[in-house]
Amino acid sequence: MFLAPTVVLVLLFLVLPIISGIVISFQQTTLSGETSFVGFDNFKLLFREERFLNNLRLSLIYVLGNLVLSVPLAYFAAILITSPEMRGISIFRAIFLLPFITAPVVSSVIFLSLTDASSGPITLLLQQITGTRPVILADPNLAMWTVIIHSFWRSFSFIMLFLAAGIATVPTELYEAARVDGASSWHLFSKITFPLTKIHLALSMLIITMWTLQDAETVYALTRGGPGYSTEVLAVRLFKDAFVNFNLNLGAAIGIILLIISILFMIIYLRLMRVET
Amino acid sequence: MKAKKGIILKWIGVIIIAIFALSPILWGLKVSFTPRYEVSLIPSRLTLEHYRYIFSRPEFLGYLRNSVIVATGAIIIALPLALLGGYALARFHFPGKQFSFLFLVFPLLPLIAVLVPLVTYLNRMGLYNKLTGLIIVNSVFNLPLAVWMIRNFLVEVPIEIEEAAMIDGCSQLQVIRRITIPLMVPGLVAATVFIFITTWNNYLYASALITKPSLRVLPQGILSFIGTWGTYWGGLTAAGMVALAPPVILFFLFQHWFIAGLFGQVMK
């Protein structure tokens, strides 16, 4: 009974919209506001479109890029903040987490000024290295890198917290025994830390994958999906179609596709976790 | 000797990561206090001109006010519901309880996909372009995790204390009010901080539900400033720092509870 209001609200605002989202995605609306059922037309339209296939590809690059950068640093940071001999480390844990609690729009503004074409320090640094001054966000590759690094900066500490929780459960005797046997740091990591924190890793990777997949805010704020469509991930495409161009039918169709991809990812991760346990 | 060297290396690692995490924020802070048209890395003097400028803009004050209203409203709606729901999950056995893990799955789903039909609904209900609509959406979308956070803290409170009060003749609601809530302070604070930060920082729901300029919340406002101010980074970063301050202050005050609330499940 106490749970009833929550359950009703969640049904009303999450489950019901998903159902009507499916309905809308099979419809088309004319300019005069009349809707008609068109079957899979919206989906067929999308999958025949070069731009949409590129949206899909960029979403995968975005997710993979973020994970590939975040996970190693997160492990490194997690091992550091759980070291018993490090005194006063908790203040650093809080500092590492600052990017995570910064509003996406705020960190985007900061990254925009970091990559500003005339005064941005990153721009000037690249100029020192390469000799020419790049306009970072006007270059398709550099723009995508900026988007990925921005998310990496925002999310590594979240994975770090999960891994630190996992490391905390490993009995310290294991490490001591291995050290006595003369194991190297790499051995300690690959033979003890990593196997015993796989579940924590998979869980945090699942969450970050979901968040990166549905992230429209940071990409939209940084690049609006540009230059051209070169950073237009699926979520940004959805955002533009539905809330900027007000094509709700197409937006709903992309939403359903995004939902299916998310559920697929979830199943894969959960399978991986079950195999481990 | 070898152990000491190890510790030094570890501290170097910590400091490098801290620089990585902090430098963008410090850069934003620096730009917001640097006079316009000064480009050197270390400014010759600091200025409050950008802060004075943004606080002299009525539209910025409007965004700030809207953000405060929406975040407070979301807390007022979501917190009592989360308390009841979290209590039920922690204390009662009821059919369907095994599905409570869905509370953790829902927040992972791409809510952006849900927004499209939701906007149509809210429009029909007259809640489009209303702060009330935005408050409701923020409350509901934060509710599952808030319920879960409170549940995690509650499982820690021994049920025997409540049972003793029941035997002394308290009703279930009296028990919650007199016994459980005082013991629950950390959980409630964690949930409040969580709801505040996510609502305050959110741009997506606002941009889907609010198109009227006078009703924009802070993140929307800042993004619109990029459009109108171009590369006036002093003003933009100053606005960003104002938006950043409340989450950072709350986080540093309550980080222990906040982290325990978010990670209660895995931190054990």
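Parameters at a glance
- Residues numbered from 1 in each chain as written.
- Chains lettered and ligands numbered in written order.
- Predicted model: local features only at pLDDT ≥ 70, side-chain atom pairs only at ≥ 80, totals over all residues.
- Helix = DSSP H or I, 4+ residues; strand = E, 2+ residues; numbered from the N terminus.
- Buried ≥ 20, exposed ≤ 12 C-beta atoms within 10 Å, placed from the backbone.
- Contact = placed C-beta atoms within 7 Å.
- Core = buried A, V, L, I, M, F, W, Y, C linked by C-beta atoms within 7 Å.
- Domains from an automatic or database assignment.
- Nonpolar A, V, L, I, M, F, W, Y, C, P; charged D, E, K, R; others polar.
- pLDDT = per-residue confidence, 0-100.
- Axes fitted to C-alpha atoms, helices over the stretch in contact; angles between N-to-C directions.
- Parallel < 35°, antiparallel > 145°, perpendicular 65-115°, else oblique.

Details of the overall build of chain A
So, point 1. Counting secondary structure elements, chain A contains 13 helices and two strands.
So, point 2. A principal-axis box enclosing the C-alpha atoms of chain A has dimensions of 75 × 60 × 35 Å.
So, point 3. Out of the 277 residues belonging to chain A, those deemed buried represent 43%.
So, point 4. For chain A, the proportion of contacts with a sequence separation of at least 24, taken over those separated by at least 6, is 66%.

Observations concerning the overall build of chain B
So, point 1. Along the backbone of chain B there are 12 helices and zero strands.
So, point 2. The order of α-helices and β-strands along chain B, N terminus first, is α-α-α-α-α-α-α-α-α-α-α-α.
So, point 3. Buried residues in chain B amount to 45% of all 268 residues.
So, point 4. Counted over contacts in chain B with a minimum sequence separation of 6, partners at least 24 positions apart contribute 77%.

Digging into the nonpolar core
So, point 1. Judged by nonpolar contacts, the single largest core of 157 residues is most densely connected at Met160 and Ala235 of chain A together with Ala146, Phe194 and Ile222 of chain B.
So, point 2. Ranked by the residues each element gives to this core, the list is headed by helix 6 (residues 131-156) of chain B, at 16 residues.
So, point 3. When residues of this core are assigned to domains, at least three fall in each of domain 1 (1-39) and domain 2 (50-276) of chain A.
So, point 4. Not counting the four nearest positions on each side in its chain, phenylalanine 194 of chain B is found in contact with Leu145, Ala146, Met149, Phe258, Gly261 and Leu262 of chain B.

What to know about the interface of chain B and chain A
So, point 1. Across the contact, 63 residues belong to chain B and 65 residues belong to chain A.
So, point 2. Of all the elements in the fold, those that place two or more residues in the side of chain B that touches chain A are helix 1 (2-33), helix 3 (58-91), helix 5 (111-124), helix 6, helix 9 (185-201), helix 10 (204-209), helix 11 (218-229) and helix 12 (233-267) of chain B.
So, point 3. It is helix 12 of chain B that contributes the most residues to the side of chain B that touches chain A, 15 residues altogether.
So, point 4. When the residues that make up the side of chain B that touches chain A are grouped by side-chain class, the tally is 52 nonpolar, 10 polar and one charged.

Comments concerning unusual backbone geometry
So, point 1. Positioned with a positive phi, arginine 224 of chain A is a non-glycine residue whose angle comes to about 60°.
So, point 2. As for its placement among the helices and strands, arginine 224 of chain A is situated in the loop between helix 11 (217-223) and helix 12 (234-244).
So, point 3. Of note, the phi angle at asparagine 129 of chain B is positive, near 60°, even though the residue is not glycine.
So, point 4. Note on placement: asparagine 129 of chain B falls in the loop between helix 5 and helix 6.

Regarding the domain arrangement of chain A
All names here are of chain A.
So, point 1. When the domains of chain A are assigned, the result is domain 1 (1-39) and domain 2 (50-276).
So, point 2. Look at where the C-alpha atoms of domain 1 and domain 2 centre, and you get two points 31 Å apart.
So, point 3. Taken together, the contacts link seven residues of domain 1 with six residues of domain 2.
So, point 4. At the level of secondary structure, the elements contributing two or more residues to the side of domain 1 that touches domain 2 comprise helix 1 (4-25) and strand 1 (27-29).
So, point 5. Here the element with the most residues in the side of domain 1 that touches domain 2 is helix 1; it accounts for four residues.
So, point 6. Considered class by class, the residues forming the side of domain 1 that touches domain 2 number two nonpolar, five polar and no charged.

Here's the deal with the confidence of the model for chain B
So, point 1. A residue-level look at chain B finds 96% of positions with pLDDT of 70 or above and a mean pLDDT of 85.
So, point 2. Interface confidence for the predicted complex, given as ipTM, is 0.87, next to a pTM of 0.89.

Description of helix 8 (residues 172-180) of chain A
So, point 1. Of all nine residues that make up helix 8 of chain A, zero are buried, and the element is exposed over most of its length.
So, point 2. In the stretch just after helix 8 of chain A, glycine 182 of chain A is the one whose phi turns positive, near 85°.

What to know about the environment of tyrosine 220 of chain A
All names here are of chain A.
So, point 1. Its location among the elements puts tyrosine 220 in helix 11.
So, point 2. C-alpha separation for the pair tyrosine 220 and lysine 198, spaced 22 residues apart in sequence, amounts to 33 Å.
So, point 3. Setting aside chain neighbours within four positions, we find tyrosine 220 in contact with Gly225, Val236 and Phe239.

Re the packing of helix 1 of chain A against helix 5 of chain B
So, point 1. Running from amino to carboxyl end, helix 1 of chain A crosses helix 5 of chain B at an angle of 90°, the nearest separation of the two axes being 8 Å. The angle between helix 1 of chain A and helix 5 of chain B falls in the class roughly perpendicular. The segment helix 1 of chain A lies against helix 5 of chain B, with Phe13, Leu14, Pro17, Ile18, Ser20, Gly21 and Ile24 of chain A engaging Ala113, Val114, Val116, Pro117, Leu118 and Tyr121 of chain B.
So, point 2. Tallied by class, residues from the contact of helix 1 of chain A with helix 5 of chain B come to 11 nonpolar, two polar and no charged.

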